[in-house]
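One-letter residues, chain by chain:
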Amino acid sequence: MAVDLINPLASLSDPTLFIEDAFVGGHWIKAKTTFEVLGESPLTSVEPVNGSKISNVANLERARGNLLRKWYELVEKNVRDLAIILCLENGKTYAEAEGEVKYAASFIKWFAEEAPRAYGDTIPSSQANTTIMTFRQPIGVCGIITPWNFPAAMITRKVAPALAAGCSVVIKPPSETPHSCLALTKLAVEAGIPPACINVCTTKDRAAATELAMNSLVNKLSFTESTGVGKKLAGLASTTLKKTSLELGGNAALIVFDDADLDIAVAGTMVSKFRCTGQTCVCANRIFVQRGVSEKFTARLVEKVNLLNMGSGFDGQTTQGPLVNKAAVEKVDQHVKDALSKGGKLRTGGSSGPGSGYFYKPTVISGASTSMLVANEETFGPLALIWEFDTEEEAIQLANSTEFGLANYMFSSDIGRIMRVSQQLQSGMVGVNTGLISAAETPFGGVKESGYGKEGSKYGLEEYQVLKSVTIGNLQA
Ligand code: SIN
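What counts, and at which threshold
Residues numbered from 1 in each chain as written. Predicted model: local features only at pLDDT ≥ 70, side-chain atom pairs only at ≥ 80, totals over all residues. Heavy atoms only, no water. Helix = DSSP H or I, 4+ residues; strand = E, 2+ residues; numbered from the N terminus. Rg over C-alpha atoms; globule rule 2.2 N^0.38 Å. Buried < 20%, exposed > 50% of the residue type's maximum accessible area, 1.4 Å probe, protein only. Contact = heavy atoms within 4.5 Å. Areas by Shrake-Rupley, 256 points an atom, 1.4 Å probe, with all protein chains shown as cover. Lys, Arg positive; Asp, Glu negative; His and termini not counted. Charge placed at Lys NZ, Arg CZ, Asp CG, Glu CD. Near = heavy atom within 4 Å. Polar contact = N/O pair within 3.5 Å; in protein donor to acceptor, adjacent residues only side chain to side chain. Nonpolar A, V, L, I, M, F, W, Y, C, P; charged D, E, K, R; others polar. Axes fitted to C-alpha atoms, helices over the stretch in contact; angles between N-to-C directions. Parallel < 35°, antiparallel > 145°, perpendicular 65-115°, else oblique. Left-handed = near helix turned anticlockwise from the far one by under 90°. Expected span 1.5 Å × (residues − 1). Pairing = 2+ DSSP bridges. Salt bridge = Lys/Arg side-chain N within 4 Å of Asp/Glu carboxyl O. Right-handed = clockwise from strand over helix to strand, strands pointing away.

Another aspect to go through is the overall build of the protein chain. What the protein chain contains, in helices and strands, is 13 helices and 20 strands. Against the globule reference of 23 Å for 477 residues, the protein chain gives a C-alpha radius of gyration of 23 Å, in line with a compact fold. Dimensions of the protein chain, computed from C-alpha atoms along their principal axes, come out at roughly 75 × 60 × 35 Å. A buried classification covers 55% of the 477 residues belonging to the protein chain. Here the analysis covers contacts within the protein chain between residues at least 6 apart in sequence; of these, 73% occur between residues at least 24 apart. Carbon and sulfur atoms provide 53% of the accessible area of the protein chain, an area that totals close to 19,300 Å². Distance between charge centres in the protein chain, computed from 45 positive and 48 negative side chains, equals 2 Å.

This next bit is on the site of the ligand. If you check the shell around the ligand, you find Tyr-103, Asn-149, Phe-150, Met-154, Arg-157, Thr-224, Glu-247, Arg-275, Thr-280, Cys-281, Ser-438 and Phe-444 and nothing else. At a separation of 3.0 Å, an oxygen atom of the ligand approaches a polar side-chain atom of Glu-247. In the model, an oxygen atom of the ligand is placed 2.5 Å from a nitrogen or oxygen of the Ser-438 side chain. Alone, the ligand offers 260 Å² of accessible surface; in the complex the protein occludes 100% of this. Here the shell around the ligand is built from residues that sort into five nonpolar, four polar and three charged.

On the secondary structure map, Glu-100 appears in helix α4 (residues 94-114). A relative accessible area of 2% means that Glu-100 is categorised as buried. Those residues in contact with Glu-100, other than ones at most four positions away along the chain, are Leu-86, Lys-92, Asn-149, Phe-150, Pro-151, Ala-152 and Ala-153.

Okay, the packing of helix α2 (residues 60-77) against helix α5 (residues 153-165) next. For the pair α2 and α5, the least separation of the axes is 8 Å and the interaxial angle reads 150 degrees. Between α2 and α5, the angle is such that the two are roughly antiparallel. As α2 packs across α5, the resulting crossing turns out to be right-handed. Contacts between α2 and α5 involve Arg-64, Leu-68 and Trp-71 from the former and Thr-156, Val-159, Ala-160, Leu-163, Ala-164 and Ala-165 from the latter. Its residues placed into classes, the contact of α2 with α5 shows seven nonpolar, one polar and one charged.

Here we come to α2. The first and last C-alpha atoms of α2 sit 26 Å apart over 18 residues, in line with the 26 Å expected at 1.5 Å per residue. Residues Leu-60, Ala-63, Arg-64, Gly-65, Leu-67, Leu-68, Trp-71, Tyr-72, Leu-74 and Val-75 constitute the buried set of α2. Elements in contact with the buried residues of α2: α3 (79-90), α4, α5 and α6 (179-190).

Here the focus is the sheet that holds strand β3 (residues 122-124). With antiparallel pairing, three strands are arranged side by side in an open sheet as β3-β4-β20. The open sheet has two free edges, formed respectively by β3 and β20 (465-472), since each of these has just one partner strand. Averaged over all pairs of adjacent strands, the angle between their axes in this sheet comes to 25 degrees, without regard to strand direction. Summarising the sheet, strand β4 (residues 131-138) and β20 pair through eight bridges and their orientation is antiparallel. Residue Arg-136 lies in a different strand from β20, and its bridge partner there is Leu-467.

Evaluation of the coordinates by the stated rule reveals 23 salt bridges. A salt bridge links Arg-69 to Glu-113; the shortest N-O distance between them is 4.0 Å. With a gap of 44 residues between them, Arg-69 in helix α2 and Glu-113 in helix α4 connect regions that are remote in the sequence. The exposure class of Arg-69 is partly exposed, given its relative accessible area of 33%. Among the residues examined, Glu-113 registers a relative accessible area of 33% and is labelled partly exposed. Measuring nitrogen to oxygen at the nearest pair gives 2.8 Å for the salt bridge that ties Lys-158 to Glu-455. Within this pair, whereas Lys-158 is found in helix α5, its partner Glu-455 is found in the loop between β19 (451-452) and β20, the two being separated by 297 residues in sequence. Its relative accessible area of 0% is what places Lys-158 among the buried residues. Linked through salt bridges whose partners overlap, the residues forming this network are Asp-258, Asp-259, Glu-392, Arg-417 and Arg-420.

Another point: the sheet that holds strand β12 (residues 345-348). Taken in spatial order, the seven strands line up as β12-β13-β14-β11-β10-β16-β17 in an open sheet, and their pairing is mixed. Unpaired on one side and paired on the other, β12 and β17 (429-432) mark the two borders of the sheet. Ignoring strand direction, the axes of neighbouring strands in this sheet form an average angle of 25 degrees. Note that strand β10 (residues 252-256) and strand β16 (residues 407-411) share three bridges and pair parallel. Across the sheet, Ile-255 pairs through a bridge with Met-410, a residue of β16. The sheet strands contacting helix α9 (residues 262-274) are β10, β11 (284-290), β13 (363-366), β14 (383-389) and β16, and the helix crosses β16 at an angle near 160 degrees. Helix-sheet contacts for helix α10 (residues 291-305) involve β10, β11, β12, β13 and β14, and the interaxial angle to β11 is about 135 degrees.

Of all five residues in β16, five are buried; the element is thus mostly enclosed. Side-chain alternation along β16 places Ala-407, Tyr-409 and Phe-411 on one buried face and Asn-408 and Met-410 on a second face that is also buried. Bridge count for β16 against β17 is four bridges, and the pairing is parallel. By the bridge assignment for β17, Ala-407 is matched with Met-429. Handedness of the crossover joining β16 and β17 through helix α13 (residues 415-424) is recorded here as right-handed.

Here's what the structure looks like:
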């Protein structure tokens, strides 16, 4: 990897990928003016991808697919630089950053391939001499609001299907981590995506999100972050009846049955719980282990957790980067103290540090109960809290007793149980015998207060399309 630890940006092969300006209406502009520009007029100049440069291409879907393919190739060519920028702005390890850039690229590749598959139907009509056809058309201008925990992948998971569908986008990247988005945008423009189709408004001003939700020139809003903010934006978007996709908070249960392969269960728990230092919406938040195997499972988990190393993301020994800010460290500590004060047993970790960065020691606590804060709140940090349960029914009931429904996980080697339990878990996604469920081909999204809409997969394109029916009558007249 060989990155200059004092000045990582000096290690970029292409230093022009580190950008501090915003990109609006095809121009790089000083970031501080971005919100004013967003609030005034540039939305009127946002052309659909069908416009300008490729409007004379007969087969627009294929042309869009080709442009996305070129964008994908440029992202792949610049993986190292993009990973350095991501590691620097987010703090995740370089290995995770590189993994995320490849994950981000996979959405571009996937939707480059999906673009030409925007099939419609022909529908037999109940009327004589009539035929009905459906077409999938771009919904129009899309407002895209993304979180800091995946600064690259959450951009491409939304922007690639929007561009594939023929929409243009106005992105509000997170103020904590805008640089991956800006670098990806530069590469998109280099790939030939019409500059007017991709706008990036870097701002801390929450009014920008309000503008995207309410502006009548925006036809679709896609948002990933907390349930609280998602509800507010959905309310604002309803004033113009905008189509919305919301990928919101989670409170994932991870259930280990006594018939599970414990090595697989522990490995899956490590991935689900400690990926991105516990800061993913799909992180296991509540770990339920059947009583007969709970001691064995906990001991093996603690062994693995004790091998984790905190530090700089650029240090090859580091497995856990820092948390995003001081408030995040305080929240983990609050959950740890609450659990210990309510009868939880500390098995490892349990305090902040080392050093002055926003680190919290990877922590395992057993003896959890439903009175603890973690039962109802997402920790969003490296705390593994373990409950014991006795029966399958109890595990399902405990897992479902939350208003969230993004992801759940289960570990079992009984196929009958796998089918029964996975059907009854109330979440948009279930991981069985794995802690990693995210991939470009998998529909990603939740139920209940975790939001609605699907990202990635063959369904992701539809979120950015409208289905139009055309009825042709009097065909033999
Ligand atoms: C998220 O945390 O919102 C995304 C996680 C993922 O894509 O795996």
